[in-house]
Amino acid sequence: MFWNLFSTFFKIGMFTFGGGWAMISIVQREVVEHHRWLTNDEFLDLITVTQSLPGILAVNMSVVIGDRLGKFKGSLCAALGTILPSFLIILAIAIFLTPETIKNNDVLNRIFMGIRPAVVALILVPVVTTAKAAKIGWKTVWIPVSVALLIWSGMPVVSNPILYIVLGGLFGYFYFKHRQLKHLKDSEK
Amino acid sequence: MIYLQLIWSYLKIGLFGFGGGYAMLSLIQSEVVLPGWITEQTFTDIVAISQMTPGPIGINSATYIGYAAPHLAGYDGIIYGILGSILCTTVVVIPPYILSRYAAHLLIRHKDSLVVKSVFAGLRPVVIGLIGSAALLLMNAANFGETSDQITKSICICAATFFMVYYTKVHPILYIILAGIAGFILY
């Protein structure tokens, strides 16, 4: 059982490119359809929860599923399985492809000069797609824009991303609770 | 002591890393690139390498930075790097590991509650800003070049990649490889 958990998540970790979101359907196939460890509803419940936890989605997912199936040992086996493949691959790359190697090798240097601006584009795409999914409009667009500019400014204190995560959570808590309460009172009238 | 500083940085990254890998990038930047543990170029290269290898960006960057940072700080020898990568990778998963094990039941019970929903409704626009700041911070001379010739080429590669990723459903790995080939030919 524990070995099964470890090897299943090792396999998943080995073959998922692009992290959490890409992983959900693969985990679903393994955990729900193949091993029948969880029903589909149980699985979806767990996934909803892991999305509201901080940290790496793929790891959270394996911890929650491992914990459900085998408590502490289960969560440890599943988490190790998820982490180990990428840890070993990146460690090998880090040893052989150090920043100096890239800088001192003409071919690698040219290749990475082309890749770096493409990476910026890869990060810009989710800005647009998540803004669309979150229905950001003219009234709310000032929030992401000012958060991005303030972090970018590099000024002390206000350029710390943690500040905005805390503020955003607090703001959401008070603002939406206030609106919901008002809504309840209005419907009582 | 570089290891203690890395541990402290990665604890914060693990604890406040809401909104997935790309949102986490701006945290990693402010915790690891700004203090100078690695350069901006290396950071961008790690994002590229993460896209081309399996596994989440959070783990990949912890492993690579954990290895590279002690070397840049003057600790020579593979063993210092391996120690750093084990430490960073472990530390970045500890806060979410604890929360996943002990807070998960609570959240399942309250998953439809107003509090949880409100907090996340407030976080959503912030997460978009975090990803945006990561992109803004990377649009610098280290990544786009210093001469006008380099900057023009870089902007073309960036714009072309953006539109191709946005309008097609092909995996980003393909575009990283294409950009690498473009760089090899252009420079």
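Residues numbered from 1 in each chain as written. Chains lettered and ligands numbered in written order. Predicted model: local features only at pLDDT ≥ 70, side-chain atom pairs only at ≥ 80, totals over all residues. Heavy atoms only, no water.

Peer 1: Is there a simple way to think about the overall build of chain B in this case?
Peer 2: Secondary structure summary: chain B contains nine helices and zero strands in total. Going from N to C terminus, chain B has its helices and strands arranged as α-α-α-α-α-α-α-α-α. If you line up chain B on its principal axes, its C-alpha atoms span 55 × 45 × 25 Å. Scored against the burial criterion, the 187 residues of chain B give a buried share of 55%. (Helix = DSSP H or I, 4+ residues; strand = E, 2+ residues; numbered from the N terminus. Buried < 20%, exposed > 50% of the residue type's maximum accessible area, 1.4 Å probe, protein only.)

Peer 1: Looking at this structure, I do not really get the overall build of chain A. What am I missing?
Peer 2: A count of helices and strands for chain A gives eight helices and zero strands. Going from N to C terminus, chain A has its helices and strands arranged as α-α-α-α-α-α-α-α. By the compact-globule yardstick of 16 Å for 189 residues, chain A is too spread out, its C-alpha radius of gyration being 22 Å. Once the C-alpha set of chain A is aligned to its principal axes, its extents read approximately 65 × 50 × 25 Å. (Rg over C-alpha atoms; globule rule 2.2 N^0.38 Å.)

Peer 1: Sorry, what's going on with the interface of chain B and chain A here?
Peer 2: Frequently, the measure chosen for interface size is the accessible area that the parts lose on association. Contacts between chain B and chain A engage 94 residues on the former and 86 residues on the latter. Surface buried jointly by chain B and chain A totals about 8200 Å² across both partners, of which 80% is contributed by carbon and sulfur atoms. Residues R101(B) and D67(A) are paired through a salt bridge, measuring 2.8 Å at the closest nitrogen-oxygen approach. The interface formed by chain B and chain A contains ten residue pairs in polar contact (both at pLDDT 80 or more). Residue contributions to the side of chain B that touches chain A peak at 22 residues, all from helix 6 (residues 114-138) of chain B. A breakdown of the residues in the side of chain B that touches chain A according to their chemical character gives 59 nonpolar, 29 polar and six charged. (Contact = heavy atoms within 4.5 Å. Buried area = accessible area lost by both parts, 1.4 Å probe. Salt bridge = Lys/Arg side-chain N within 4 Å of Asp/Glu carboxyl O. Polar contact = N/O pair within 3.5 Å; in protein donor to acceptor, adjacent residues only side chain to side chain. Nonpolar A, V, L, I, M, F, W, Y, C, P; charged D, E, K, R; others polar.)

Peer 1: Sorry, what's going on with helix 1 (residues 2-16) of chain B here?
Peer 2: For helix 1 of chain B, spanning 15 residues, the distance from its first C-alpha to its last is 21 Å, which sits close to the expected 21 Å at 1.5 Å a residue. Buried-residue contacts for helix 1 of chain B involve helix 8 (161-188) of chain A together with helix 2 (21-33), helix 4 (57-72) and helix 5 (78-109) of chain B. (Expected span 1.5 Å × (residues − 1).)

Peer 1: Can you walk me through the pattern of salt bridges in this structure?
Peer 2: Pairing between side chains becomes possible if they bear opposite charge and their charged atoms approach one another. All names here are of chain A. Counted by the stated rule, this structure contains seven salt bridges over all chains. Among the ionic pairs, E30 bridges to K11, the shortest N-O distance being 3.8 Å. Taken as a pair, E30 in helix 2 (residues 20-34) and K11 in helix 1 (residues 2-15) lie far apart in primary sequence, 19 residues in all. The exposure class of E30 is buried, given its relative accessible area of 12%. The class of K11 is partly exposed, set by a relative accessible area of 42%.

Peer 1: What am I meant to see in the packing of helix 1 of chain B against helix 2 of chain B here?
Peer 2: Helix packing geometry: the angle between the two helix axes and the distance between the axes. Residue and element names in this part refer to chain B. Viewed as axis vectors pointing N to C, helix 1 and helix 2 meet at an angle of 160°, and their least axial separation amounts to 10 Å. Between helix 1 and helix 2, the interaxial angle falls into the category roughly antiparallel. Considering the relative orientation of helix 1 and helix 2, their crossing is right-handed. Where helix 1 abuts helix 2, its residues S9, Y10, K12, I13 and F16 lie against M24, L27, I28, E31 and V32. Taken together, the residues that form the contact of helix 1 with helix 2 break down as seven nonpolar, one polar and two charged. (Axes fitted to C-alpha atoms, helices over the stretch in contact; angles between N-to-C directions. Parallel < 35°, antiparallel > 145°, perpendicular 65-115°, else oblique. Left-handed = near helix turned anticlockwise from the far one by under 90°.)

Peer 1: I keep staring at the confidence of the model for chain B and nothing clicks. Help me out?
Peer 2: Here chain B averages 89 in pLDDT, and 99% of its residues register 70 or above. Here helix 6 of chain B is the element of chain B with the lowest mean pLDDT, 87, and helix 8 (residues 148-167) of chain B is the one with the highest, 94. (pLDDT = per-residue confidence, 0-100.)

Peer 1: Is there a simple way to explain the side chain of S30(B) in this structure?
Peer 2: Relative to the assigned elements, S30(B) resides in helix 2. With a relative accessible area of 17%, S30(B) lands in the buried category. Setting aside residues up to four positions removed in sequence, S30(B) forms contacts with N160(A), P161(A) and P35(B).

Peer 1: Help me understand the packing of helix 2 of chain B against helix 4 of chain B, please; the structure alone is not making it clear to me.
Peer 2: All names here are of chain B. Between helix 2 and helix 4, the shortest axis-to-axis distance is 10 Å and the interhelical angle comes to 25°. Judged by the inter-axis angle, helix 2 sits roughly parallel to helix 4. Helix 2 and helix 4 meet at a crossing whose hand is right-handed. Where helix 2 approaches helix 4, its residues G21, Y22, M24, L25, I28 and V32 are matched on the opposing element by I57, G58, S61 and I65. Its residues placed into classes, the contact of helix 2 with helix 4 shows seven nonpolar, three polar and no charged.

Peer 1: Looking at this structure, I do not really get the nonpolar core. What am I missing?
Peer 2: Side chains of nonpolar character tend, in soluble globular proteins, to be buried together. V27(A), Y10(B) and I65(B) are the most contacted members of the largest nonpolar core, which has 101 residues in total. With 15 residues, the top contributor of residues to this core is helix 4 (residues 57-96) of chain A. Contacts of V27(A), omitting those with residues within four sequence positions, involve F9(A), I12(A), V32(A), F43(A), M61(A) and I65(A). (Core = buried A, V, L, I, M, F, W, Y, C linked by side-chain atoms within 4.5 Å.)

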